[in-house]
Amino acid sequence: MDDADWRRLVNQVRSGDCLPFLGAGACSGTIPNARDLSRRYADQYGYPFDDDMDLARVMQYALTEIRDPVDLKVELCRFFGMCGYPPSTDLAEPHSLLASLPISTFLTTNYDDFLAVALRRVGKRPQVELSRWWDILNHPVDPPLEATVESPLVYHLHGNCRNPLSMVLTESDYLTYMVNIVEFPASTGRSLLPPVVLEAMSNKPLLFIGYSLQDWTFRVLFHGLARTTPRQNQRRHVSVQLMPRVNGGARDAEQKARRYLEHYLNGWNISIFLGSASDFCAQLRARLDAAS
């Protein structure tokens, strides 16, 4: 991101002209990242393969031991419950920072309720809704939703711990999710997303926080969900990306990785910030304070 990107973003978030998209990296420091979770469950269930950093694949294997996918998800939710909540005093913490802004709609692929809690802490009344990707045959007609700054919509694309059945966790879940978000509109003429979310995705610049190109969630999001939404949104978006691990850690390899990320995302009209969600939010908070 250059100074022009920052100026544009500061103006957008100050006016609420922004649609945040939160991924697992937004919870760093409170909930272990996907790789650490993957290793934890790989050790717990004796995962025999060498790709033990792939959480979706490890959880798919764990089903051979647990047999019931909901029980597996309930177990993960219990673990999340023991992790606690991000500190409310850190104004640069991603959820606290976003909750303080005049934004009416939030999207997340996280299972936690950190964002809803942060919004309540500042006196707002969040509406928390879930995608019913797992039950498209009985998918109800979406109730009319009106997202406002005081009563913002928090939409969980991949489910929430309040309803373990809704969580997109295993490889099978991801494949079903990706198929259903394409097949449901084709067979019914309706999107799995409520109109208020589609409208925001069509008209507002997107702010991705906490994703990596190596994550299943980000790949599914871009090659599934993003391809089913209206493409008239030509505005410049922002993505906060962690630098992937590179072979040997050589500077030349890091430069090649950076160029690849920039090339990949620029095709989607996305500017990138390479770093952690907390680093990005600290910089955004400083620029917001300077502009006020």
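Residues numbered from 1 in each chain as written. Predicted model: local features only at pLDDT ≥ 70, side-chain atom pairs only at ≥ 80, totals over all residues. Heavy atoms only, no water.

**Looking at the overall build of the protein chain**
Then step 1. Along the backbone of the protein chain there are 11 helices and seven strands.
Then step 2. Residues counted as buried form 49% of the 292 residues belonging to the protein chain.
Then step 3. Relative to all contacts within the protein chain whose residues are 6 or more apart in sequence, the contacts with residues 24 or more apart total 77%.
Then step 4. Summed over all atoms, the accessible surface of the protein chain reaches about 13,700 Å², with 50% contributed by carbon and sulfur. (Helix = DSSP H or I, 4+ residues; strand = E, 2+ residues; numbered from the N terminus. Buried < 20%, exposed > 50% of the residue type's maximum accessible area, 1.4 Å probe, protein only. Contact = heavy atoms within 4.5 Å. Areas by Shrake-Rupley, 256 points an atom, 1.4 Å probe, with all protein chains shown as cover.)

**With respect to the environment of Pro152**
Then step 1. Relative to the assigned elements, Pro152 resides in the loop between β3 (127–130) and β4 (153–156).
Then step 2. The sequence separation of Pro152 and Ala116 amounts to 36 residues, and the corresponding C-alpha distance is 9.2 Å.
Then step 3. Those residues in contact with Pro152, other than ones at most four positions away along the chain, are Ile103, Ser104, Phe106, Leu119, Lys124, Arg125, Pro126 and Gln127.

**Concerning the environment of Ser15**
Then step 1. Positionally, Ser15 belongs in helix α1 (residues 3–15).
Then step 2. By relative accessible area, which is 52% here, Ser15 ends up exposed.
Then step 3. Considering only alpha carbons, one finds Ser15 and Leu101, 86 residues apart in sequence, at a separation of 8.3 Å.
Then step 4. Side-chain polar atoms of Ser15 contact the backbone oxygen of Gln12, separated by 3.1 Å. (Polar contact = N/O pair within 3.5 Å; in protein donor to acceptor, adjacent residues only side chain to side chain.)

**Re the packing of helix α3 (residues 55–66) against helix α4 (residues 69–83)**
Then step 1. The N-to-C vectors of α3 and α4 enclose an angle of 115 degrees; their axes lie 9 Å apart at closest approach. Here α3 is positioned roughly perpendicular relative to α4, judged by the angle of their axes. The two elements α3 and α4 meet at a crossing, and its hand is right-handed. Residues Met59, Ala62, Leu63 and Ile66 of α3 lie in contact with α4, whose contacting residues are Pro69, Asp71, Leu72, Glu75 and Leu76.
Then step 2. Here the contact of α3 with α4 is composed, by residue class, of seven nonpolar, no polar and two charged. (Axes fitted to C-alpha atoms, helices over the stretch in contact; angles between N-to-C directions. Parallel < 35°, antiparallel > 145°, perpendicular 65-115°, else oblique. Left-handed = near helix turned anticlockwise from the far one by under 90°. Nonpolar A, V, L, I, M, F, W, Y, C, P; charged D, E, K, R; others polar.)

**Some thoughts on the pattern of salt bridges**
Then step 1. Counting across every chain of the model gives 10 salt bridges.
Then step 2. Note that Arg285 is salt-bridged to Asp289, the shortest N-O span being 4.0 Å. Of this pair, Arg285 and Asp289 both sit in helix α11 (residues 277–291), four residues apart, roughly one helical turn.
Then step 3. Given the relative accessible area of 18%, Arg285 is considered buried.
Then step 4. Overall, Asp289 belongs to the partly exposed group, its relative accessible area being 46%. (Salt bridge = Lys/Arg side-chain N within 4 Å of Asp/Glu carboxyl O.)

**Quick word on the nonpolar core**
The tendency in soluble globular proteins is for nonpolar side chains to be buried as a group.
Then step 1. By size, the foremost hydrophobic cluster in this structure holds 48 residues, and its most contacted members are Tyr41, Leu76, Leu107 and Val197.
Then step 2. Among the elements that take part in this core, α3 stands out by supplying six residues, more than any other.
Then step 3. Not counting residues within four places of it along the chain, the set of residues in contact with Leu76 comprises Leu37, Tyr41, Met59, Tyr111, Met167 and Leu169.
Then step 4. Of all hydrophobic cores here, the second largest spans 27 residues; its members include Ala26, Phe106, Ala118 and Phe273. (Core = buried A, V, L, I, M, F, W, Y, C linked by side-chain atoms within 4.5 Å.)

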